[in-house]
Amino acid sequence: MDETPAILLEQVNKWYGSMHVLRDVSLSVAQGERVVVCGPSGSGKSTMIRCINRLEEHQQGRIVVDGTELTDDLRALDAIRREVGMVFQSFNLFPHLTILENCTLAPIQVRKMKRVEAEELAMEYLRRVRIPEQAKKYPGQLSGGQQQRVAIARALCMRPKIMLFDEPTSALDPEMIKEVLDTMVGLAETGMTMVCVTHEMGFARQVANRVVFMDRGEIVESGEPNALFENPQTDRLRLFLSQILRGH
Amino acid sequence: MSIALSSGATPARERPPLGTTGPVGWLRANLFGSWWSTALTLALGYVVVRFLWGFIDWALIRAVWTVPMGPHGPDATICRQMKGAGACWAVIGDKWRFILFGQYPYNEQWRPGICVALFIALYAASANRAFWRRELLYLWLGTLAVIFALMWGGFGPLQFVPDDQWGGLPITLILATFGLVAAFPLAILVALGRRSKELPVVRILCVVYVELIRGVPLISLLFMASVLFPLFMPEGLNPDKLLRAQVAIILFAGAYLAEVVRAGLQALPKGQSEAAEALGLSYWRKTRLIILPQALRLVIPPLVNTFIGFFKDTSLVLIIGIYDLLTAGKVALADPAWTGFAAEVYLVLAAIYFMFCFAMSRYSHGLELRLAAARGR
């Protein structure tokens, strides 16, 4: 494995107004590593993951992605966003474009790929998420689970080095969660670097190298999933796990 | 799905009770539902029939269609005898060319005539989605160049006609078309600027522009353009009146359209913008490919509403002495031979405005339906 970490956060701080939402967050994700971030709502986990491709700006500390530091330099930002794919809780497919167009847009516009090549690539990924037959439809015609799988394919079409997942199954009906998680497990098996905010503990056990538990803007505990879940060191994590387990 | 019946026979298909469907059912439900509704229907029906009959009687049955020529032009004596009882359409027959083309030299009026036809053809071509390609832009530029060449002339056999002699429908179409075509991109830029977080100075400028322009009536802007503006210009440099009025209309329409576009931008979920950014799209690509196509679709009804409003508002240029369609009609009435036949002229003017505005309205309705269908909703 390469020595430079895929993602490096050093002492990152962020405030919304006077609210301190990230407190001295430090995290290093190695290439090929799969990290699951969990924690109660409002704990800053989404904010942290959104800082990694600068959908949110941090105010203190350093964030280095794929060897490039996130600064105000827009060109560096564009370079990072090309290499980092993101999947959102609310899918955010482009409703005025077909499934195929959703997937080919960025490769054509950003990677300057030829349309034919981009379409071949998109069809390959749509096959991989098992919905190639929906290519000509519009997002509004698909179920939530299908839309989220398209969103994963759309991000993969940019051939990113890193994939970020921001609660990808939270907006889904229970019967659709599995199809999305299966897709993500399949992706993990390809050796993709993944950072995933989720409450799906089964998924965490199955694919994560490491689980990070956040609460009130800071990283409280982190470790190998089974050790972390079986043997929590802090009261906060114990409380969180008991709530999660009761909820399931 | 099939349900086995013990007898094996299909049950008799129930029909809705007689008189609840079809035209009879509709009448019963909507016009004669209760005694109160019946009374209203009868009363309103009486008023409508009475008015319609009166109008048909005036406009068609007792109307005067032509008048004989007297020694000093048309002799409107018959019209005057019928005044109040029958319409005098002869005024239109005599004056239609002045109403349509204003003071444009009489023998050259085929030129503005062709221009009107070109404008309408251009609108028709632009309305067709099959033509929504880059070539359409060239078609617009080419057609507009031809229109101005024809209107001005001054080459070959075409005599030069300065634009203060232009008038009537071509002026209305020029002001409305250029006004909206130029105001629309301006409005998009202002709306984007007004939402910009990174460029506070641009945002403030956009807010000031919109609020200033919206805060004054179009009439006062036109006055400023025609009276005040030349005072500040150096001697000798005086852009012509039509151009100044055009600029005033563009600025005014731009401010209103900007607010409509901004409403569309605000209605889009933030996730659309974030998803585009996360894919690495630059600001302008994101705006052009993701944001605007959705935002503008959302505001088609208010956009067309504003378009229609401005098409009619171009008639305000009459106060600074430009001969648009309405002014030409008014001036035509000043002819002593035809004084007193305003109703006929204004009805025809209204009909012309209505044709253009109604076409816009129907087109936007169709466009909404087709775009909704295309998205599978």
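A. Main features of the overall build of chain A. Broken down by element type, chain A carries nine helices and 10 strands. Since a compact globule built from 248 residues should have a radius of gyration of about 18 Å, the 18 Å found for chain A is in line with a globular shape. Principal-axis analysis of the C-alpha atoms places the extent of chain A at approximately 55 × 45 × 40 Å. Looking at chain A as a whole, 57% of its 248 residues are labelled buried. Contacts in chain A between residues far apart in sequence, at least 24 positions, make up 65% of those at least 6 positions apart. In chain A, which carries 30 positive and 33 negative side-chain charges, the distance between the mean positions of the two groups comes to 3 Å.

B. Structural detail: the overall build of chain B. What chain B contains, in helices and strands, is 15 helices and two strands. For 377 residues, the compact-globule estimate of 2.2 N^0.38 gives 21 Å, and chain B exceeds it by more than 25% at 28 Å. For chain B, the spread of C-alpha atoms along the three principal axes comes to 95 × 70 × 40 Å. Taking all 377 residues of chain B together, the buried fraction comes to 41%. Across chain B, every contact between residues at least 6 apart in sequence was considered, and the portion connecting residues at least 24 apart equals 71%. Of the roughly 21500 Å² of accessible surface on chain B, a fraction of 69% belongs to carbon and sulfur atoms.

C. Here's a closer look at the pattern of salt bridges. With the rule as written, the count across this model stands at 29 salt bridges over all chains. The partner of A:Glu69 in a salt bridge is A:Arg62, and the shortest N-O contact between them spans 3.2 Å. On the basis of relative accessibility, which here comes to 30%, the residue A:Glu69 falls in the partly exposed class. For A:Arg236, the salt bridge goes to A:Glu218, with nearest N and O atoms at 3.1 Å. Pair noted here: A:Arg236 is in helix H9 (residues 235-247) and A:Glu218 is in strand S10 (residues 218-223), with a separation of 18 residues, a long-range link. A:Glu218 sits in the partly exposed class, given a relative accessible area of 28%. Connected through salt bridges with shared partners, the residues B:Arg194, B:Glu211, B:Arg214, B:Glu259 and B:Arg262 form a single ionic network.

D. How the structure looks around the packing of aromatic side chains. Residues and elements named next belong to chain B. This model, assessed by the stated rule, comprises 19 aromatic pairs over all chains. Each ring, one from Phe311 and one from Tyr353, has its centre 6.0 Å from the other, and the planes form 75 degrees; the classification is edge-to-face. Here Phe311, found in helix H13 (residues 300-313), pairs with Tyr353, found in helix H15 (residues 342-374); they are 42 residues apart in sequence, far enough to count as distant. Classification of Phe311 as buried rests on a relative accessible area of 5%. These aromatic residues form a ring-pair network of at least three members: Phe55, Trp58, Trp65 and Trp89.

E. Geometry of the environment of A:Leu181. Within the secondary structure layout, A:Leu181 lies in helix H6 (residues 174-189). A sequence separation of 13 residues divides A:Leu181 from A:Pro168, and the C-alpha atoms of the two residues are 8.7 Å apart.

F. Looking closely at the sheet that holds S10(A). All names here are of chain A. Spatially, the six strands line up as an open sheet ordered S6-S7-S8-S3-S9-S10, and their pairing is mixed. The strands lining the two open edges of the sheet, one partner per strand, are strand S6 (84-87) and S10. For this sheet, the mean inter-axis angle between neighbouring strands, taken without regard to orientation, is 20 degrees. Lying on the sheet, helix H1 (residues 45-52) is in contact with strand S3 (34-38), S6, strand S7 (162-166), strand S8 (193-197) and strand S9 (210-215); it crosses S7 at an angle near 150 degrees.

G. Spotlight on the layout of surface pockets. Each pocket or cavity is described by its volume, and for the second largest pocket that value is around 1500 Å³. Taken together, the elements giving at least two residues each to the lining of the second largest pocket come down to helix H2 (74-83) of chain A together with helix H7 (169-194), helix H8 (200-214), helix H11 (270-278) and helix H12 (283-298) of chain B. The leading source of residues in the lining of the second largest pocket is H12(B), at five residues.

H. A look at empty space enclosed by the protein. Across all of its chains, the model carries two cavities of 30 Å³ or more by this definition. Estimates place the volume of the largest cavity at around 50 Å³. Residue lining of the largest cavity: A:Met86, A:Phe88, A:Ala151, A:Arg154, A:Ala155, B:Ala275, B:Ala278 and B:Leu279, and that is the complete set. By residue number, the principal contributor to the lining of the largest cavity is helix H5 (residues 144-156) of chain A, which donates three residues.

Definitions and cut-offs
- Residues numbered from 1 in each chain as written.
- Chains lettered and ligands numbered in written order.
- Predicted model: local features only at pLDDT ≥ 70, side-chain atom pairs only at ≥ 80, totals over all residues.
- Heavy atoms only, no water.
- Helix = DSSP H or I, 4+ residues; strand = E, 2+ residues; numbered from the N terminus.
- Rg over C-alpha atoms; globule rule 2.2 N^0.38 Å.
- Buried < 20%, exposed > 50% of the residue type's maximum accessible area, 1.4 Å probe, protein only.
- Contact = heavy atoms within 4.5 Å.
- Lys, Arg positive; Asp, Glu negative; His and termini not counted.
- Charge placed at Lys NZ, Arg CZ, Asp CG, Glu CD.
- Areas by Shrake-Rupley, 256 points an atom, 1.4 Å probe, with all protein chains shown as cover.
- Salt bridge = Lys/Arg side-chain N within 4 Å of Asp/Glu carboxyl O.
- Phe/Tyr/Trp six-rings, centres within 6.5 Å; stacked < 30°, edge-to-face > 60°.
- Pairing = 2+ DSSP bridges.
- Axes fitted to C-alpha atoms, helices over the stretch in contact; angles between N-to-C directions.
- 1 Å grid on protein atoms, 1.4 Å probe; cavity = no way out; pocket = protein on both sides within 12 Å on 5 of 7 lines; lining within 4 Å.
- Points joined across faces, edges and corners; volume = space filled by probe spheres on them.

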